[in-house]
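Now for the letters of each chain:
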Amino acid sequence: MVKPRFILVTFPAQGHINPALQLAKRLVRIYGSEVTFFTTLFAYRRMTKDNDDHNKSAPLPPNDMSFAPFSDGYDDGLAGDVNFDHYSSNLGRRGSRALAEVIESGVDEGRPYTCVVYTLLLPWAADVAAEHNIPAAPLWVQPATVFDVFYYCFHEYKDIVLDNSENPTMPLSFPGLPLLTIRDLPSLLTDSSAQSTLLIKFFRAPFEKLDEESNPKVLVNTFDELEYEALRSIGSNKMRLIAIGPLIPSAFCDGKDLSDTSFGGDLIRRPNDNYVEWLNSKDKTTVVYLSFGSYSVLSKPQMEEIAKGLLDFGHPFLWVIREKEPNDNKKESNDNDDVELSCRGELEKLGMIITWCSQVEVLSNESLGCFVSHCGWNSTLESLVCGVPMVAFPQWVDQKTNAKLVEDVWKTGVRVTPNEEGVVGGEEIKRCLELVMGGKENGVEIRRNAEKWKDLAREAVTEGGSSDRNFKAFVNEVIGDVGALSS
């Protein structure tokens, strides 16, 4: 039997790369597929630099997985003042040409590709696949609920959202979704800033591409039990949303590959990391873990308030404060140049401040009692899989919707409330931590729910689970379609 060959076309951001890598590994492990991971040169260098420079003993990518990096014209990363129109155009033009070359090389070698899977923001990959008569499917790296919200806001609910964008408590009832308000929508849909106006074009393009297709299939990094109604909200007569998640390392999810903890981006263990030993020295469910993702940069006043809340709460904590990199395109506050905390010495007597960690490794540690998170989808899923309650601290894009789901739908955490200046005060942070980690009824229910979703998430990806069945059905369908086309 000829091995199926997949190309994974991945937008150069950590939130896209991590789940795409896990999908690639599953294709190799379950189907013996050959996978070509196609992303920008900058992203490829970030993914592999620790293996090359710092940790030569780190495991390499699995067999039958290769990389095809291409230059998008920003090989040193995006500067903060990047023109997104120009970047999008450049990415599409250069990426389309490079992807076509990879596909054609497969034909020339007598080993044509079976399918192209592409992450959010790369609809041109579907055009290239169609030109070469290859099936293509998008990989949605946010929850199905957010996909539905974008779909409805780009279609029949567009005017309702625009007319009420400044009314945060305005209720919105989308078919098959929990009741939301304007406050709960992805920020790009209600923010009129120049940056959001440009970015929304990025998000609209994939939906316009799907509108052109007949009954398209969309792979979603979620699982049926978590978002059953959302996965069916739009209707299978328009498009099929296929849950294949959670796409996190196998060692922390289905346990099939205990070596699957290292290669790729944030998962690489770096030398001289002693946070695991520190966590192991703490009592069970006593540590507060804080991390706000790869893009959000909190203001100095906000950092000080977090520090105040942690000191007042008095529990040990592990806080990731990233080192600012000169060419990273971050969503930054106006006053983030000096983030040195005034009470750092006092903080370090109580907890540990680090610049990096393997998040799934931390969340799976028994000492964890709570995760204070920006609610990016990867972080939210990892928290669910590890059964760790959350304090939701959303910043932008899909994070506000994710925080709504965490607090009101899955009931695995609470959401902070900013003050009139948009800053979450230390007292509010302490209140939320006490709700989640305290022994009162609310905290007990939250922890019980976290354990429930942990079990359901892991069941979904084990053999015979809902995501496992969905994934295998999708691959079998693709292989069948290719066979029909070639016969």
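The rules behind these values
Residues numbered from 1 in each chain as written. Predicted model: local features only at pLDDT ≥ 70, side-chain atom pairs only at ≥ 80, totals over all residues. Heavy atoms only, no water. Helix = DSSP H or I, 4+ residues; strand = E, 2+ residues; numbered from the N terminus. Buried < 20%, exposed > 50% of the residue type's maximum accessible area, 1.4 Å probe, protein only. Contact = heavy atoms within 4.5 Å. Pairing = 2+ DSSP bridges. Axes fitted to C-alpha atoms, helices over the stretch in contact; angles between N-to-C directions. Salt bridge = Lys/Arg side-chain N within 4 Å of Asp/Glu carboxyl O. Phe/Tyr/Trp six-rings, centres within 6.5 Å; stacked < 30°, edge-to-face > 60°. Parallel < 35°, antiparallel > 145°, perpendicular 65-115°, else oblique. Left-handed = near helix turned anticlockwise from the far one by under 90°. Nonpolar A, V, L, I, M, F, W, Y, C, P; charged D, E, K, R; others polar. Core = buried A, V, L, I, M, F, W, Y, C linked by side-chain atoms within 4.5 Å. pLDDT = per-residue confidence, 0-100.

K.L.:
What am I meant to see in the overall build of the protein chain here?
P.N.:
When helices and strands are counted, the protein chain shows 17 helices and 15 strands. Expressed as a percentage of the 487 residues in the protein chain, the buried residues total 56%. In the protein chain, the share of contacts with a sequence separation of at least 24, taken over all contacts with a separation of at least 6, comes to 71%.

K.L.:
Looking at this structure, I do not really get the sheet that holds strand β8 (residues 217-220). What am I missing?
P.N.:
In sheet architecture, strand pairing relies on hydrogen bonds along the backbone and comes in two forms, parallel and antiparallel. Sheet architecture is open: seven strands sit in the order β3-β2-β1-β4-β5-β8-β9, paired in parallel fashion. A strand with exactly one partner marks an edge of an open sheet, and here the two such strands are β3 (65-67) and β9 (240-243). Each neighbouring strand pair of the sheet contributes to a mean axis angle of 25°, computed without reference to strand direction. Two strands pair when backbone bridges link them, and strand β2 (residues 34-38) and β3 are joined in this way by three bridges, in the parallel orientation. When the sheet's bridge partners are listed, V35 is paired in β3 with M65. Across the sheet, helix α1 (residues 14-31) lies against β1 (5-9), β2, β3, β4 (115-119) and β5 (136-140), angled at about 165° from β2, the strand it touches most. The strands touched by helix α4 (residues 124-131) are β1, β2, β4 and β5; relative to β4, the strand with the most contacts, the crossing angle is about 170°.

K.L.:
Would you explain the side chain of Q302 in this entry?
P.N.:
Following the sequence through the fold, Q302 ends up in helix α10 (residues 300-313). Excluding residues that lie within four positions of it along the chain, Q302 makes contacts with F393, G422, V423, V424 and I429.

K.L.:
I'm lost on the pattern of salt bridges in this one. Help?
P.N.:
Where charged atoms from two side chains of opposite charge come close, those side chains can pair. One pass over the structure, following the stated rule, counts 16 salt bridges. The partner of K308 in a salt bridge is D312, with the nearest N and O atoms 3.4 Å apart. Within this pair, K308 and its partner D312 are both found in helix α10, separated by four residues, close to a single helical turn. Accessibility expressed as a relative area gives 37% for K308, which makes it partly exposed. The class of D312 is partly exposed, set by a relative accessible area of 39%. Ionic pairing is found between E348 and R344, a salt bridge with its closest N-O pair at 2.9 Å. In this pair, E348 and R344 both sit in helix α11 (residues 344-350), four residues apart, roughly one turn of the helix. Given a relative accessible area of 40%, E348 falls into the partly exposed group.

K.L.:
Can you help me understand the packing of aromatic side chains in this one?
P.N.:
Any two aromatic rings considered together are summarised by their centre-to-centre distance and by the angle between their planes. This model, assessed by the stated rule, comprises 21 aromatic pairs. Judged by centre distance (4.7 Å) and plane angle (15°), the rings of F38 and F70 are stacked. Of this pair, F38 sits in strand β2 while F70 sits in the loop between β3 and α3 (84-108); the two residues are 32 residues apart in sequence, bridging distant segments of the chain. F70 gets classed as buried once you look at its relative accessible area, which sits at 8%.

K.L.:
I tried to follow the packing of α10 against helix α15 (residues 426-437) on my own but got confused; where do I start?
P.N.:
Between two packed helices, the angle of one axis relative to the other and the distance separating the axes together describe the packing. For the pair α10 and α15, the least separation of the axes is 7 Å and the interaxial angle reads 45°. With respect to their mutual orientation, α10 and α15 come out oblique. Note on packing geometry: the crossing formed by α10 with α15 is right-handed. Contact residues: Q302, E305, I306, K308, G309, L310, D312 and F313 in α10; G426, E427, I429, K430, L433, E434 and M437 in α15. Class assignment for the residues of the contact of α10 with α15 results in six nonpolar, three polar and six charged.

K.L.:
What is the right way to read the nonpolar core from this model?
P.N.:
General note: in soluble globular proteins, nonpolar side chains tend to be found buried as a group. Among the nonpolar cores identified, the biggest contains 92 residues, and L8, V9, F38 and F174 are the most heavily contacted of them. The element that contributes the greatest number of residues to this core is helix α5 (residues 144-154), accounting for nine residues. In this structure F174 touches V149, Y152, C153, Y157, L180 and L185, once residues within four positions along its chain are discounted. Judged by nonpolar contacts, the second largest core, of 39 residues, contains F223, W278, L279 and V388.

K.L.:
In this structure, what is going on with the confidence of the model for the protein chain? I would like to understand it.
P.N.:
Parts of the model with low pLDDT should not have their predicted coordinates read in detail. Looking at the protein chain, the pLDDT average stands at 87 and 87% of residues meet or exceed 70. Taken element by element, the protein chain is modelled with least confidence in helix α2 (residues 41-53), mean pLDDT 74, and with most confidence in strand β14 (residues 390-392), mean pLDDT 98. Every residue in residues 265-269 is under pLDDT 50, and counting partners more than four places away or in other chains gives 25 contacts.

K.L.:
Is there a simple way to explain the environment of E340 in this structure?
P.N.:
Positionally, E340 belongs in the loop between β11 (317-320) and α11. Given a relative accessible area of 46%, E340 falls into the partly exposed group. Excluding residues that lie within four positions of it along the chain, E340 makes contacts with K300 and E304.

K.L.:
Even after reading the chapter, I still don't get the environment of L381, so can you show me in this structure?
P.N.:
The residue L381 is located in helix α13 (residues 377-386) in this model. The contacts of L381, once residues within four sequence positions are left out, are N221, F223, L226 and P246.

K.L.:
Explain the pairing of β8 to me, please; I cannot follow it from the model alone.
P.N.:
In regular strands, side chains alternate between the two faces of the sheet. Here β8 shows two buried faces, one formed by K217 and L219 and the other by V218 and V220. With two bridges connecting them, β5 and β8 associate as parallel partners. The partner of W140 across the bridge, within β8, is V220. Direction of pairing for β8 relative to β9: parallel, over a ladder of four bridges. The residue of β9 that forms the bridge with V218 is L241.

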